[in-house]
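Structural features, examined
What follows is the residue order along each chain.
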Amino acid sequence: MQQRSIAIDGPAGAGKSTLARALAQRLGYLYVDTGAIYRTVALQAKRQGADPGNAAQVADLLGRTEIRMAYGTDGIQHMYLNGEDVTREIRAHEISGLASQVAAHPQVRDFLLEFQRSQARDHDVVMDGRDIGTVVLPQAGVKVFLTAAPEARAQRRLAELLQRGQQAQLDGILADIIRRDEQDRTRPVAPLRQAEDAVLLDTTDLDLEGSLAALESIVRERLSL
Ligand code: DC
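Residues numbered from 1 in each chain as written. Predicted model: local features only at pLDDT ≥ 70, side-chain atom pairs only at ≥ 80, totals over all residues. Heavy atoms only, no water.

**Some points on the site of the ligand**
The local shell around the ligand holds 15 residues, among which Arg 39, Arg 109, Arg 180, Asp 184 and Arg 187 are the closest. Here an oxygen atom of the ligand sits 2.8 Å away from a polar atom, N or O, in the side chain of Arg 180. Take Asp 184: an N or O atom from its side chain is 2.9 Å from an oxygen atom of the ligand. Expressed as a share of its isolated accessible area of 450 Å², the protein-covered part of the ligand is 97%. Only helix H2 (35-47), helix H4 (93-102) and helix H8 (170-186) provide two or more residues apiece to the shell around the ligand. Residue contributions to the shell around the ligand peak at three residues, all from H2. Of the residues that constitute the shell around the ligand, the class distribution is four nonpolar, four polar and seven charged. (Near = heavy atom within 4 Å. Polar contact = N/O pair within 3.5 Å; in protein donor to acceptor, adjacent residues only side chain to side chain. Areas by Shrake-Rupley, 256 points an atom, 1.4 Å probe, with all protein chains shown as cover. Helix = DSSP H or I, 4+ residues; strand = E, 2+ residues; numbered from the N terminus. Nonpolar A, V, L, I, M, F, W, Y, C, P; charged D, E, K, R; others polar.)

See below:
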């Protein structure tokens, strides 16, 4: 039977992962966080001393990069880099910027494309990222472009980092978010953009509950659930 897929794209800090995970749980679908996959490549580049902005250097290490994803009993998507669980390490603030850099290289995107698509072949999925509706799953049953004002996104990212016990300042986060959005939007390959058939959901003035209710109602209506 054809699996169902829900594509959620949008800029950094729009609440994609929290909302996509909660939606997947409600529907009994698998949640796939594709940003975590790019983060894993970024960590590999950092560890191997490759310049994340240098396509040839990053492409060169892909042959030595084995990425695996598995779901723990905690229901969390764990990422493995050459067999090592790097789930926590890829969340470091520094890795966000590096991930955006490595994600701009076509070789990296090609390397990860089939891996992402295979998840949607095997399961009903809620998949979030930047190019899910436009490139990875153009046939997705529902596409949502989730966004919020940069200031609101920076506030949420700050709260998330502080909760994880990491040090962070609002100004720095806002600047990083704006820089990363610009980088993700203007890259020539698979840039962040709203698919023509995606529904726009702006969560600037919505809290988590309100955002989830809005998202769920869009999805249920489109999929006739
Ligand atoms: O969603 P995130 O912050 O974990 O993503 C990290 C970076 O990975 C983001 O800046 C852009 C890149 N990315 C991408 O290019 N395509 C995706 N489908 C997911 C993430």
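**Brief notes about the packing of aromatic side chains**
For the coordinates displayed, the defined rule picks out zero aromatic pairs. Here Arg 68 stacks its cationic end above the ring of Tyr 80, 4.6 Å away from the centre of that ring. (Phe/Tyr/Trp six-rings, centres within 6.5 Å; stacked < 30°, edge-to-face > 60°. Lys NZ or Arg CZ within 6 Å of the ring centre and 35° of its normal.)

**Thoughts on the side chain of Gln 44**
Residue placement: Gln 44 occurs in helix H2. Only 3.1 Å separates the side chain of Gln 44 from the backbone oxygen of Arg 64, close enough to count as a polar contact. Sequence-distant contacts of Gln 44, defined by excluding residues within four places in its chain, comprise Leu 61, Arg 64, Thr 65, Leu 81 and Asn 82. (Contact = heavy atoms within 4.5 Å.)

**Some thoughts on the environment of Pro 106**
In this fold, Pro 106 is placed in helix H5 (residues 106-122). Using a relative accessible area of 36% as the deciding quantity, one classes Pro 106 as partly exposed. Along the sequence, Pro 106 and Val 135 sit 29 residues apart, while their C-alpha atoms lie 12 Å from each other. (Buried < 20%, exposed > 50% of the residue type's maximum accessible area, 1.4 Å probe, protein only.)

**Quick word on the pattern of salt bridges**
A complete count under the given rule lists 16 salt bridges for this structure. Between Asp 33 and Arg 91 there is a salt bridge, with its nearest N and O atoms 2.9 Å apart. Linking Asp 33 in strand E2 (residues 30-33) with Arg 91 in the loop between strand E5 (84-85) and H4, this pair joins segments that are 58 residues apart in sequence. By relative accessible area, which is 10% here, Asp 33 ends up buried. Residue classification places Arg 91 among the partly exposed positions, given a relative accessible area of 22%. The salt bridge involving Arg 47 is made with Glu 89; its shortest N-O contact spans 2.9 Å. One end of the pair, Arg 47, is in helix H2; the other, Glu 89, is in the loop between E5 and H4, with 42 residues separating them in the sequence. A cluster of three or more residues bridged by salt bridges with shared partners is formed by Arg 26, Glu 216 and Arg 220. (Salt bridge = Lys/Arg side-chain N within 4 Å of Asp/Glu carboxyl O.)

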